[in-house]
Amino acid sequence: MSELDYTPFMREAIALAQQGRWKTCPNPMVGAVLVRDGHIVARGWHRAFGLDHAEVDCLNDAAAQGVDPSECTLVVTLEPCCHQGKTPPCTDAVLRAGIKKIVVGLSDPNPEACGGACRLRESGLDVIEGVCADACRDLVADFLVWQQAQRPYVILKMAATLDGRIATRKGESQWISSEESRQEVQRLRAGIGRCGGAVLVGGGTFRADDPRLTVRPINDGEPLGPQPLACVLTSRLPQPDADFYLLKERPQQTVFLASPAAAASTTAKALRDMGVRVLSLGPSLRGGPDLTHMLRTMREELDCPYLLCEGGGHLALSLLEAGVVDEFRLHMAPMILGDADAQPLFSGRAPLSLDEALRMRVTGSHISGGDIHIELRPLQAVEEK
């Protein structure tokens, strides 16, 4: 079979890997299939951190079905590891299984784990690399951020009308998105919370909406996992006795990101006495908050692997301009306001040429409750900033 013939099998391995999202953190998501005579005969994926890697899970499935792996080609989204971690090296399992050909989507970016393809090749296996490499790279984009940029993986979620408005001119936004779309957001928050991540809003959204930033059960009686941290980026700290839900009900899970002066104020001290965390955030060279430093601080001090930004438009644009949005989920509702004074998705820039536009690439889309969900990612792979 040619390299192109393995594309549909790699796509199946990618779909399997995605079933492990949130559960594998801080490991990457990985999927694998065994192919014999043009058909998939066994499947596996990394189901959760500390459990078998995808290759071993796939070999276990083969054993359960009486499939001889030595008669098969292994197709795996990420280069098999060749080091001892929480589990033994996957290269050892591949060699013991007698597999003679392996198809790899992406070389392992982890310097401690890479080299598996070389070892397998030196052991006599036929190794094909780079099949669906871009899609496999997107699959482990969070892991790449953790490895290369040492910050949380940033997901931006916004809901807008077809004419790009997030609220009426009076600020009414409930509800632009459908009930099904809002349930998807709850599942997203639940995943973020399960990993110890955070939800971020700007100070304007905090003061105007008094958000809870919690996971609410989608089905009655459904158990709730850990709640995500509630983070607010603001130039003005609230008074400790202010009537905000986060202060009254979630002080231990609330984090304010403020200027050095605000973080050293008596108000900050009073908030800390309540259990609220207040982190100091210096200015960037352009005058606004240093978002790159903010993210690294969140990773170092809060051990935060994921950050979900839910608004507002000014904060979202700042994150995009800083180049730190790793995944953008846009929910477009089939409605039109047609009002130039309604609140837009983004505002504040004044480009004179299309060359100055902020560009992303579409990586997926689907319909949920009548809304169109568009998934976008940066044009360039993450680089350490």
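Residue positions are given per chain, counted from 1 along the sequence in the order it is written. In keeping with the predicted nature of the model, local features appear solely for residues at pLDDT of at least 70, side-chain atom pairs appear and are counted solely at 80 or more, and the whole-chain, interface and lining totals rest on all residues. Only hydrogens and water are set aside when side-chain values are computed; all heavy atoms of the structure are taken into account.

## Regarding the overall build of the protein
Now for step 1: In DSSP terms, a helix is any run of H or I states spanning at least four residues, a strand is any run of E spanning at least two, and both are numbered starting from the N terminus. A count of helices and strands for the protein gives 13 helices and 16 strands.
Now for step 2: The C-alpha radius of gyration of the protein comes to 23 Å, within 12% of the 21 Å expected for a compact globule of 385 residues.
Now for step 3: With the principal axes as the frame, the protein shows a C-alpha extent of 65 × 50 × 45 Å.
Now for step 4: Burial analysis of the protein (385 residues in total) assigns 50% to the buried set.
Now for step 5: Note on contacts: a residue pair is in contact if any heavy atoms of the two residues lie within 4.5 Å. Restricting the contact set of the protein to residue pairs at least 6 apart, pairs at least 24 apart contribute 72%.
Now for step 6: Per element, the accessible surface of the protein, about 18200 Å² overall, is 49% carbon and sulfur. Restricting the calculation to C-alpha atoms gives the radius of gyration, and the globule rule supplies 2.2 Å times the number of residues raised to the power 0.38. The buried label goes to any residue with under 20% of its type's maximum accessible area, the exposed label to any with over 50%, and the partly exposed label to all in between, with areas taken from a 1.4 Å probe on protein chains only. Note that accessible areas follow from Shrake-Rupley with a 1.4 Å probe, and for residues the cover is restricted to the protein chains shown.

## Observations regarding the packing of aromatic side chains
Now for step 1: Aromatic pairing here means that ring centres of Phe, Tyr or Trp (its six-membered ring) are within 6.5 Å. Orientation follows from the plane angle: under 30 degrees is stacked, over 60 is edge-to-face, and everything else is tilted. Scanning all chains against the criterion turns up 7 aromatic pairs.
Now for step 2: With a centroid separation of 4.8 Å and an interplanar angle of 70°, the aromatic rings of W22 and Y306 are classed as edge-to-face. Highlighted residues: W22 in the loop between helix 1 (7-17) and strand 1 (31-36) and Y306 in strand 12 (residues 306-309), separated in sequence by 284 residues. Accessibility classification places W22 together with Y306 in one group, the buried group.
Now for step 3: Ring plane angle 80° and centroid distance 5.5 Å describe the contact between F206 and F256, whose orientation is recorded as edge-to-face. Linking F206 in helix 8 (residues 203-209) with F256 in strand 10 (residues 254-258), this pair joins segments that are 50 residues apart in sequence.
Now for step 4: One residue, R21, lies across the ring of W22, its end atom 4.6 Å from the ring centre.
Now for step 5: By definition, being over a ring means that NZ of Lys or CZ of Arg is both within 6 Å of the ring centre and within 35 degrees of the ring normal. Stacked on the ring of W45, the Lys or Arg R47 has its end atom at 3.7 Å from the ring centre.

## Digging into the sheet that holds strand 6 (residues 153-161)
Now for step 1: Two strands qualify as a pair provided that DSSP identifies no fewer than 2 bridges between them. Judged by pairing direction, the sheet is mixed, and its 9 strands sit side by side in the order 11-10-9-8-12-6-13-16-15 without closing on themselves. Each of the sheet's edge strands pairs with one partner strand only, and the pair in question is strand 11 (277-280) and strand 15 (360-368). For this sheet, the mean inter-axis angle between neighbouring strands, taken without regard to orientation, is 25°.
Now for step 2: Pairing of strand 13 (residues 327-333) with strand 16 (residues 371-378), which is carried by 5 bridges, proceeds in the antiparallel orientation. Looking at strand 16, one finds that F328 is bridged to L376. Helix axes are fitted only over the stretch in contact, all axes being lines through C-alpha atoms; the angle between N-to-C directions runs from 0 to 180 degrees.

## A word on the domain arrangement of the protein
Now for step 1: How far each domain reaches was decided by an automatic or database domain assignment. Per the domain assignment, the segments of the protein are domain 1 (3-140) and domain 2 (150-378).
Now for step 2: A straight line from the C-alpha centre of domain 1 to that of domain 2 covers 35 Å.
Now for step 3: Contact with domain 1, which involves 4 residues of that partner, is made by 14 residues of domain 2.
Now for step 4: Between domain 1 and domain 2, the buried area comes to about 750 Å², and carbon and sulfur atoms account for 56% of it.
Now for step 5: Two parts lose some accessible area (1.4 Å probe) when they are put together, and adding that loss for both gives the buried area. Sorting the residues of domain 1 by area buried against domain 2 places R21, W22 and D138 first, and these three jointly supply 80% of that buried surface.
Now for step 6: Salt bridge criterion: a side-chain nitrogen from Lys or Arg within 4 Å of a carboxyl oxygen from Asp or Glu. For the pair domain 1 and domain 2, the interface holds 2 salt bridges.
Now for step 7: With a closest N to O distance of 2.7 Å, D138 and R361 form a salt bridge.
Now for step 8: Amino acid classes used here: Ala, Val, Leu, Ile, Met, Phe, Trp, Tyr, Cys and Pro are nonpolar; Asp, Glu, Lys and Arg are charged; the rest, including Gly, are polar. Considered class by class, the residues forming the side of domain 1 that touches domain 2 number 2 nonpolar, no polar and 2 charged.

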